[in-house]
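Take a look at the letters that make up each chain.
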Amino acid sequence: SGPNLSEEIMEGQPTATVVSSKFREVILAGKNALNTKVFRVFESTEIKGAELAGTLKNIIAIGSGILAGKGLGKNMQAMLITKGLSEIVHLGKSLDISPSIFLGTAGLGDVIATATSVKSRNFRFGKAIGAGRSVQEIMVSSDELVEGYRTLKIAHGLIKHYKLRLPITTLLYR
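Note that residues are indexed from 1 along each chain, following the sequence as it is written. Under the rules for a predicted model, residues below a pLDDT of 70 receive no local features and side-chain atom pairs below 80 are neither given nor counted, while totals for whole chains, interfaces and linings still include all residues. Only hydrogens and water are set aside when side-chain values are computed; all heavy atoms of the structure are taken into account.

A. Just the overall build of the protein, in detail. Here a helix means four or more residues in a row that DSSP labels H or I, a strand means two or more in a row labelled E, and each is numbered from the N terminus. The number of helices and strands found in the protein is nine helices and two strands. The order of helices and strands in the protein, counted from the N terminus, is α-β-α-β-α-α-α-α-α-α-α. Each radius of gyration reported is based on C-alpha atoms, and the globular scaling rule is 2.2 Å times the count of residues to the power 0.38. For 174 residues, the compact-globule estimate of 2.2 N^0.38 gives 16 Å, and the C-alpha radius of gyration of the protein, at 16 Å, lies within 12% of that figure. Along the longest, intermediate and shortest principal axes, the C-alpha atoms of the protein span 45 × 40 × 30 Å. Burial classes: relative accessible area under 20% of the type maximum marks a residue as buried, over 50% as exposed, and values in between as partly exposed (1.4 Å probe, protein chains only). Put simply, the protein has 174 residues, and 42% of those count as buried.

As structure tokens, then:
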């Protein structure tokens with residue numbers, strides 16, 4: 001799990017990632033394969049949490065991009081990121097995931113990178129929506145996968161199933 005903006009990794013920019021497994025030998029193999037001077041590998045045994053954080057942060061990135069596309073500033077972006085992260089923690093608790101994973105590299109770190117960078121596909125997608133383009137127009141004209149678009153549908157199903165109140169995610173889904 002991130003924070004991994006692929007463009008920055010390809011440029012050789014320093015970054016970090018999280019390798020998550022229940023098995024110590026898998027974590028060590030991941031660290032041995034990936035750790036370099038500019039690519040730091042952290043470890044976690046919280047697999048579901050790392051996966052959920054890495055997926056749901058794309059929703060926040062879309063919302064953050066929409067705000068940017070509408071010309072709104074960092075105050076609103078910061079509010080969306082903090083409240084959006086709170087929603088991720090709340091959903092995670094419903095799935096018996098410890099909140100701590102969402103406050104580390106795989107959670108908060110990945111949210112910040114993805115929800116604030118024009119190098120993020122999901123942020124750019126949201127920014128285009130905020131600027132007035134339709135979802136269909138963006139999807140047809142882009143060759144990039146925008147994971148957060150599909151993730152919104154899945155998150156909406158989880159919200160309904162667990163009877164949660166997650167207003168940001170629900171609004172973005174609509």
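Once you've had a look at it, read on.
B. Up close: the nonpolar core. Side-chain atoms within 4.5 Å link the members of a nonpolar core, which is a set of buried Ala, Val, Leu, Ile, Met, Phe, Trp, Tyr and Cys residues. Among the nonpolar cores identified, the biggest contains 34 residues, and Leu56, Ile60 and Phe102 are the most heavily contacted of them. Those elements that provide at least two residues to this core are helix H3 (47–69), helix H4 (74–94), helix H5 (105–116), helix H6 (121–130) and helix H8 (147–162). Contacts between residues were defined by any pair of non-hydrogen atoms, one from each residue, lying within 4.5 Å. Beyond its immediate sequence surroundings of up to four residues, Phe102 is in contact with Gly49, Leu52, Ala53, Leu85, Ile88, Val89, Gly92, Ile97, Gly107 and Leu108.

C. The arrangement of the pattern of salt bridges in detail. Any Lys or Arg side-chain nitrogen located within 4 Å of an Asp or Glu carboxyl oxygen qualifies as a salt bridge. Applying the stated criterion across every chain yields a total of eight salt bridges. Here Lys31 and Glu43 are joined by a salt bridge, their closest N and O atoms 2.9 Å apart. Here Lys31 is found in helix H2 (residues 24–34), whereas its partner Glu43 is found in strand E2 (residues 39–44), with 12 residues between them in sequence.

D. Representation of the environment of Pro99 in the model. Its location among the elements puts Pro99 in the loop between H4 and H5. The exposure class assigned to Pro99 is partly exposed, which follows from its relative accessible area of 28%. Distance in space between the C-alpha atoms of Pro99 and Lys119 is 27 Å, their sequence separation being 20 residues. Excluding residues that lie within four positions of it along the chain, Pro99 makes contacts with Val89 and Lys93.

E. Just the packing of aromatic side chains, in detail. Working definition: a ring pair exists when centres of Phe, Tyr or Trp rings (six-membered ring for Trp) sit within 6.5 Å. Plane angles under 30 degrees give stacked, over 60 give edge-to-face, the rest tilted. Applying the stated criterion across every chain, the model contains one aromatic pair. Aromatic side chains Phe125 and Tyr149 sit 5.9 Å apart centroid to centroid with 65° between the ring planes, which places their arrangement in the edge-to-face category. In this pair, Phe125 is assigned in helix H6 and Tyr149 in helix H8, connecting sequence segments 24 residues apart. The class of Phe125 is buried, set by a relative accessible area of 4%. For Tyr149, a relative accessible area of 25% puts it in the partly exposed group.

F. Looking closely at H4. Taking 1.5 Å of rise per residue, 21 residues should cover 30 Å, and H4 covers 30 Å from first to last C-alpha, within 8% of that figure. Of all the positions in H4, only Gln77, Leu80, Ile81, Gly84, Leu85, Glu87, Ile88, Val89, Leu91 and Gly92 are classed as buried. In the core, the buried residues of H4 are packed alongside H3, H5, H6, H8 and helix H9 (167–173). Following H4 by one or two positions, Asp96 adopts a phi angle in the positive range, close to 60°. Every helix has an expected span of 1.5 Å times one less than the residues it contains.

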